[in-house]
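A structural walkthrough
Read off the chains here:
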Amino acid sequence: MNVTFPYMGTVIIYKKLLELLGHHVIVPPRPSQKTLDLGVKYSPEFACFPFKTIMGSYIEACELGATTIVTSGGHGPCRAGFYSEIHQRILKELGYNVDFIVFDSYFRDKERFMENVRKLKGNYSWFHVAKAIKFTFDMIRELDKLDRWIHRIKPYEKVPGLTKKVWEEIQQQFDQVTTRRELKKARKKGKKMIESIPLQEIDHEKRIRIGIVGEIYVVMEPSINMEIENVLGELGCEVERSHYLSEWINDNMLPRFLKHSDEEEILKKGEPFIEIEIGGHAKHTVGRIVDFKEKGFDGIIHLMPFGCLPELISQSVIPRISKEYDIPVLTLSLDEQTGQANNRTRIEAFIDLIRNTKLKKYTYTA
Amino acid sequence: MRNAYIGIDVGSVSTNVVAINEQGDVLFHYYVRTNGQPIESVKKGIEQLKDHLCNNWNVAGVGTTGSGRQLAGIMVGADVVKNEITAHAVATIQFVPDVRTIFEIGGQDSKIILVKDQMVVDFAMNTVCAAGTGSFLDHQAERLGIKIEDFGKLALTAKNDVRIAGRCTVFAESDMIAKQQFGFSKAEIINGLCQALVRNYMNNLARGKKLEPPFVFQGGVAANVGIKAAFEKEIGHEVIIPQYHHVMGAIGAAILAREEVKGRRTNFRGFHALQTEFVPSSFICNGCSNMCEVIKVKVNGQTVAMWGDRCGMWQEKVKQII
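Residues numbered from 1 in each chain as written. Chains lettered and ligands numbered in written order. Predicted model: local features only at pLDDT ≥ 70, side-chain atom pairs only at ≥ 80, totals over all residues. Heavy atoms only, no water.

Description of the interface of chain A and chain B
As a reminder of what qualifies: By the convention used here, residues are in contact when the closest approach between their heavy atoms is within 4.5 Å. A simple way to read buried area is as the amount of 1.4 Å-probe accessible surface that goes missing from two parts once joined, with both sides added. We define a salt bridge as a contact between a side-chain nitrogen of Lys or Arg and a carboxyl oxygen of Asp or Glu at a distance within 4 Å. Nitrogen and oxygen atoms within 3.5 Å of one another constitute a polar contact, given that in protein one can donate a hydrogen and the other can accept it, and given that sequence-neighbouring residues count only through two side-chain atoms. Strands here mean DSSP runs of E at least two residues long; helices mean DSSP runs of H or I at least four residues long; both are numbered from the N terminus. For this scheme, ten residues count as nonpolar: Ala, Val, Leu, Ile, Met, Phe, Trp, Tyr, Cys and Pro. Four count as charged, namely Asp, Glu, Lys and Arg, and the remainder, Gly too, count as polar.
On the side of chain B, 21 residues touch chain A, which itself brings 22 residues to the contact. Taken as a group, A:Thr345, A:Arg346 and A:Leu353 account for 26% of the area that chain A buries against chain B, more than any other trio of residues on that side. Summed over the shared surface of chain A and chain B, the result is two salt bridges. Of the charged contacts in the structure, one is a salt bridge between A:Asp352 and B:Lys82, with a shortest N-O distance of 3.0 Å. Linking chain A with chain B are five residue pairs in polar contact (both at pLDDT 80 or more). Secondary-structure elements contributing two or more residues to the side of chain A that touches chain B are α2 (33-42), α7 (162-176) and α15 (340-365) of chain A. Ranked by the residues each element gives to the side of chain A that touches chain B, the list is headed by α15(A), at twelve residues. Taken together, the residues of the side of chain A that touches chain B break down into six nonpolar, seven polar and nine charged.

A look at the domain arrangement of chain B
All names here are of chain B. Defined as follows: All the domain ranges listed were derived from an automatic or database domain assignment.
For chain B, the domain assignment lists domain 1 (2-89 + 249-275), domain 2 (100-241) and domain 3 (279-320). Averaged C-alpha coordinates put domain 1 and domain 2 at centres separated by 28 Å. On the side of domain 2, 15 residues touch domain 1, which itself brings eight residues to the contact. Between domain 1 and domain 2, a total of about 850 Å² is buried, with carbon and sulfur atoms accounting for 66% of that surface. By the criterion of area lost to domain 2, the three top residues of domain 1 are Ile85, His88 and Ala89, representing 58% of everything that side buries. Linking domain 1 with domain 2 are one salt bridge. The residue Asp138 makes a salt bridge to Arg33 at a minimum N-O spacing of 3.0 Å. Inspection of the domain 1/domain 2 interface yields three residue pairs in polar contact (both at pLDDT 80 or more). Those elements that provide at least two residues to the side of domain 1 that touches domain 2 are β3 (26-33) and α3 (84-95). Per-element tally for the side of domain 1 that touches domain 2: the top contributor is α3, with four residues. Among the residues making up the side of domain 1 that touches domain 2, the classes are represented as four nonpolar, two polar and two charged.

What follows is the structure, given as structure tokens:
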């Protein structure tokens, strides 16, 4: 079968895993204007932005010959739980005959989860499957480490745009990897490439660190969040996201004895503000804001799809968190109509606000 | 020769040019409708400025702001290109040093800026709707056959309150028509509109924020006494309108330029440079399926700036030329 998946973040990982299980993988094109146009045209008007983008992605993948879509489900009262069902119906109406394999959290429905794995595993042994999963998991962990590193140094690059190019090259190299030895080599090479990027020296006190929190899809996929990490990097900020694929896999897919996760701790930090699980990543968002502040970050950018219910709730408690923890937060709501110029103005003004506060503080103490 | 600093604010509706001296006093200010021709407006403003300054002043720095800040910055050789929120706040702090809350309503956007100890601590910009902006008032004044300059004064003559739905321009307009058909006077309707605009502004931008006096109201719409009165009624406190309320963004840009050039030479291209022809054009890039509309500015046949591409491919190319 020709397998595809939603386009989100470092896609070479999904590709690698599915290839190791012997499938022919069709990587959907990076979401573009065309993807959005297609998605918006065939989605219900009030569906959220990620739904529409993924819809467009699926259509493009089906056009390229995909016959099976592997995706993740949602949990709690967030619309993401409906995604696969509605996507499947729309695709069917459009005349694409595709199967869906939907992975919900392993802990919610173990049987269904294993059944899905069986579908994908084909004739391979369980040993092979476990090895493939472990291998891709290690790979994404390495990639995420480099990803974080890249966005830590991006603001200080001497040659504009070089860091971005290096990151793209690193991903291409990881894409070629099939054995453990190659993985090690790719990791070493990636490290070396990053180390060789010429950087400007900057006082430790003058560094500005921004945390990005919010709904997972708009946080992780640069093509639909105005490449926010890059934009912030160009404005001189170090950036860390609240979502990395390796963490998501760790928290949702791995059996308990294999993982060491700070997820629970982060959720706990959000509990004074949002007590119960309300779906999506609302609780996670609030917890992360507190977590970033405790790690010494200077400001938070909160991304949400327009009309996203869980994030609307987190948005409404943010003023309180911002006051209690003394950390500035800027909420940006994204959809297919987003005027970039407007958001750019907001981001620039927000960074000015942070920089001025910080510099003043710095000169006072000096 | 003494030093002057130029600030240019290219907005959707108006283009403003100001010059200040070392102390921040305004030497010259100029306000003209952009009419969709930012290049012409900036040229006009700079020419007037040149005549005004004669040869007594030396241009030591120049800053641009507003939605057309990039283009204007390239035209004049700006030392600093700043977003309008920061620029507005900087200017207000100079005129009202203890300011805590700034209301700014311009042609196509409105903002609220909260200040503490002369530093911006929070801000918000209108999101989806044009109901709280100058263009909407402009449009309604035209529809009612009133000059926008008389709009505010007429509102103050209203005897009764009329409540008009201000959530959205489309609803506001149909509600206004309905109220007209009921027989309310023009003055009452206009007054209702002023109140609707302020209510909408407060609900949209000030939500969840603690507003502290002194309040300063600026931007083109601040000239409208009807809106000022509506603001004072809504918050129950006096609202200060600074003398140069309509060109505050430009003043802020000039102040920022003054800070920026300390200890170095300005990038200002000189008055004569504006004689050169700036030719903006755009094309659709076919590099990928994004099909971005890329804007290109040429001077004497040479491309000096490009933007609008999501991937940054074209922007990078220009950087290499320079």
